[in-house]
Amino acid sequence: MIQEIADALVQSWKNFAEAFVLFVPRLVAATIIFGGGFLVALLVRRVTQRALAWVNFDRLSLRSGASEMLRTADMPPAEVLIAKILFWIVWLGFIVSAVDTLQFGPFQGLVQEFFRLVPRFLVAMLVLSMGFLVGNFLWRATLLASVNAGLPGARLLSSALRVLVIAIGVVMALEQLGLATSVILTAFAITFGALMLGLAIAFGLGGQAAAKILLEEQFRAKKKRDTDAAPHL
Amino acid sequence: MAQNPVEHESTLSDELLRQLIAVGQVDVLVGLPTLNNAATIVDVVRSVSVSFTRDFPRLRTVLINSDGGSTDGTPDLIRSASFVEGDMVQTSHALRTLHRVLAPYHGLPGKHTALRTVLAAAELTQAKALVVVDASGQGTTADRITELIAPVARGDIEFLAPRYRRHPRDGVLITQFVRPLVRAVYSIGLDEPLGSEFACTGRFASHCLEQDIWSHESARFAIDLWLRTEAAAQRLSVGQIWRPVGTPGAGRATLREVIHQVVLSLVESLRAHESFWLKANAITELRTWGVDPGNAPEPATWDYDALAEQARHDISQIKPLLEGVLEPGLFVRVMDATTNSGPHLDDELWVRTVYSFAAAVRHGRAAVEHLADMFAPLYMSRAAAFMADTEGEPLPAVQTRLDSLCDTFQRLKPTLVAAWADNV
C-alpha cells in the first residue's frame, strides 16, 4: 500500500518534472516573443508616425474633415491614431503568438483566428475611413451648394447627410468585422426606413401647404439672390 | 510641355489648314473669337478691314474668325460682310490681298479653344503681331483696331492689354480684389487683368501654345487672366492701351458664378507662375498707349445693403468651413467684422483673408471649388462695405482708398510668400 502511494507520488513528480521541463522553455520563448513584440510594435508605431508626418498626412486628414471630428471626439491627431492602431495590431499579433507558444488547450488555433481577423479589421478600418471622408466631403459640398442656392436649413441638411453617410460607413465596417451582423443591419434598416417614411408622410401629407409656400418662397429668394455680376466687373 | 498644337490635328481642321496655307506668311493676324455676335459682328469686321487697308497697306494681314457654334448666323454675316471699297470711305487702296478665314473650332467648347485656334493659326502663318478683338464690338472702330495693332507691329511692345477709365466705385470685383492682388503678387501695374482683348507678338503666341494650360478644366474662363500673367511671368515688355469701358451684358452670369470663376482663374495663374511671383518685388508701372477717355462713366447702381445681408447670412452658415481655412485669430476677427453690424472688413483684414485663402489652396485645406464658394460671401461683404463707406464721398477720396488698398496688398505680400512656401 505504502509502496503504491510512493510509486504514485514518484510518478506524479515525474510527470510534473517532465511537464515543467517542457513548459519552462515555452514560457521563456513566450516571454521573449511578448517582450520582443512590444519593442517591434513600438518601432512600427514610431516609423509609421514619422512616415505619415513626412507625407503630410495631416493635410489629407484636415482636408477630409477627419481632424476636426477627431478633435471634437477628444482623440489624438489622425497620424497618431493610425500609428497607435498599428502598434496594437502588431503587439496583439505577438501576444497571440506568445500565448500559442505556451500550447494551452483552450487557446489552440488562436494565431490562425487572429490572422484571419486582421485583414477584416483593416478592411473595416478602411471602410470606416472612407465613410468619414465621403461624409465630410458631401457635408462641405452640400452646405456650400445649399447656401449658394439660398436653401433654408442648409446646415441641418448637410449635417444630416454627413451623419447618414458616416452611419452607413459604420454599419458596413461592423458587417465586415462580422459583429452581430444581422442585428446591426436590421436595426439600421428599421431606423433609416422609419426616418424616411416619417419625413415622407410629414412633408407629403401633413405639410403640403407648407411645402408649397416653402418652394414658392424659395423660388423668389433664389431670383433675388442671383445678383447680376455686371456692376462688379 | 504640351504637344505643339499645329501638329495636333484637333486644333486646326484640314479645311482651316488648307485656307491658312493658301494665305501664307502674314505680318498681322487679327483673331475674332465669336459666339452669337450677329448684332455687332459686321461693324467689327468692317472696322478691321478699314484698319488693314487704311493704316497697314504694306503689311500682309489676315482676319481669322474662330466661331464657337453660333446659332444666329454670325459666320454667314462675317462671310458676307463686304471688304469692298464702298465700305471704306476715305481709305486708301489695299496693296495686298485682304484675307479672311472662317474657322469653326474643334474640341472643348469655350473661349480657350477659340483662342487656341487663333494662336495656332498665328504660329502657322508666322504672324509677327497677333491681335484678339472683342466681337461684341463695344467701341470698336478702325482707329481702335489700329491703336491695338500698331505698338506690337512696330515692335514697341510685346504684350498690350486694355485699360479702362473707370469711375472709382465701378467694377468692385476688379478694384477690390483682382487688380490689387495681381499688382502685388506679379509686381506689375496692370489695371485690367480680366479684359478679353489683347495684342502680342507671334513669338509669345507660339510660347503660349507650348504650355499645358489648354488641357485644364478651368482654362475655359481662366485663359484671359493667364495670358496676362504669363506675359508678366515671362518678363515680356507689357503695356496698356486706353479702351472705352464696356457695358457687360446683364443677366449673363450671377455674381457668385463670376466670383467662382475669377477665384479659379487666379488659382490657376498663381500655381502656374509661383517660381516667378514668389521672387517678384518692385512693381513695374506700365506705359499706356492711346488717348485717355478722360471722364469715367457713372457706375451702375446696385443694392449693396441687400448684398451685405446675404453675405452676413451666408457667412454665418458656412462658419464651420471658414474655421478650417482661416487661422484662428484671423477667423475670429473676420467673423466679428462680417456677421455683426459693427465694423466692416477693413483693408488689412480683407487682404489677410485673401492671402489666407491663397495659402489654403496651396496647402490643400479644401477642394479649390469649395474654397471659391466659401470666398464668395466674404467678397460680397467687402464689396458692400466698400460701397457703403464711399457713398457720397468725393471721387479723389475714393481713388485714394483704392490706391491705399493696393499698397496694403503689396505691404502684406511677404505673409503670402511665407504661407505659400510653408511646408507645414
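Residues numbered from 1 in each chain as written. Chains lettered and ligands numbered in written order. Predicted model: local features only at pLDDT ≥ 70, side-chain atom pairs only at ≥ 80, totals over all residues.

### Details of the overall build of chain B
Here's step 1: A count of helices and strands for chain B gives 17 helices and eight strands.
Here's step 2: Looking at chain B as a whole, 49% of its 424 residues are labelled buried.
Here's step 3: Of the contacts made within chain B by residues no fewer than 6 positions apart, 87% connect residues no fewer than 24 positions apart. (Helix = DSSP H or I, 4+ residues; strand = E, 2+ residues; numbered from the N terminus. Buried ≥ 20, exposed ≤ 12 C-beta atoms within 10 Å, placed from the backbone. Contact = placed C-beta atoms within 7 Å.)

### Structural notes on the nonpolar core
Here's step 1: Membership of the largest hydrophobic core comes to 134 residues, with the highest contact counts inside it found for V28, L29, L130, V131, I149, A199 and F375 of chain B.
Here's step 2: Looking at this core, the element that brings in the most residues is helix α15 (residues 368–389) of chain B, giving 13 residues.
Here's step 3: In contact with F375 of chain B, not counting residues within four places along its chain, are I259, V263 and F357 of chain B.
Here's step 4: Formed by ten residues, the second largest nonpolar core is a distinct cluster that contains A78, I82, A83 and F87 of chain A. (Core = buried A, V, L, I, M, F, W, Y, C linked by C-beta atoms within 7 Å.)

### Here we look at the domain arrangement of chain A
Residues and elements named next belong to chain A.
Here's step 1: The domain boundaries assigned to chain A delineate domain 1 (1–108) and domain 2 (118–225).
Here's step 2: Put simply, the middle of domain 1 and the middle of domain 2, counted by C-alpha atoms, are 40 Å apart.
Here's step 3: Contacts between the two partners involve five residues from domain 1 and, on the opposite side, five residues from domain 2.
Here's step 4: Residues that form the side of domain 1 that touches domain 2 fall into these classes: three nonpolar, two polar and no charged. (Domains from an automatic or database assignment. Nonpolar A, V, L, I, M, F, W, Y, C, P; charged D, E, K, R; others polar.)

### A word on the pairing of strand β6 (residues 198–201) of chain B
Sheet faces and side chains relate simply in a regular strand, where the side chains alternate between the two faces.
Residue and element names in this part refer to chain B.
Here's step 1: Alternating residues of β6 divide into F198 and C200 and A199 and T201, and every residue in both groups is buried.
Here's step 2: Across four bridges, strand β4 (residues 129–132) lies against β6 in antiparallel orientation. Bridging from a neighbouring strand, A129 pairs with T201 of β6. (Pairing = 2+ DSSP bridges.)

### Section: the interface of chain A and chain B
Here's step 1: In this assembly, 21 residues from chain A lie in contact with 30 residues from chain B.
Here's step 2: Within the residue set of the side of chain A that touches chain B, elements represented by two or more residues are α2 (57–64), α5 (110–149) and α6 (154–177) of chain A.
Here's step 3: It is α5 of chain A that contributes the most residues to the side of chain A that touches chain B, six residues altogether.
Here's step 4: Grouping the constituent residues of the side of chain A that touches chain B by class yields ten nonpolar, three polar and eight charged.

### Points about the domain arrangement of chain B
Residues and elements named next belong to chain B.
Here's step 1: Assigned domains within chain B: domain 1 (14–289) and domain 2 (304–421).
Here's step 2: Centre-to-centre, using C-alpha coordinates, domain 1 lies 31 Å away from domain 2.
Here's step 3: In this assembly, 21 residues from domain 1 lie in contact with 26 residues from domain 2.
Here's step 4: Elements with a contribution of two residues or more to the side of domain 1 that touches domain 2: α6 (172–186) and α9 (255–272).
Here's step 5: By residue number, the principal contributor to the side of domain 1 that touches domain 2 is α6, which donates nine residues.
Here's step 6: Tallied by class, residues from the side of domain 1 that touches domain 2 come to 14 nonpolar, three polar and four charged.

### Let's talk about the packing of helix α4 (residues 111–124) of chain B against helix α8 (residues 219–233) of chain B
All names here are of chain B.
Here's step 1: The geometry of α4 relative to α8 is characterised by a closest axis approach of 7 Å and an angle of 55° between their N-to-C directions. Relative to α8, α4 is oriented oblique. Across the interface between the two elements, K111, H112 and L115 from α4 touch A219, R220 and I223 from α8.
Here's step 2: The residue makeup of the contact of α4 with α8, split by class, is three nonpolar, one polar and two charged. (Axes fitted to C-alpha atoms, helices over the stretch in contact; angles between N-to-C directions. Parallel < 35°, antiparallel > 145°, perpendicular 65-115°, else oblique.)

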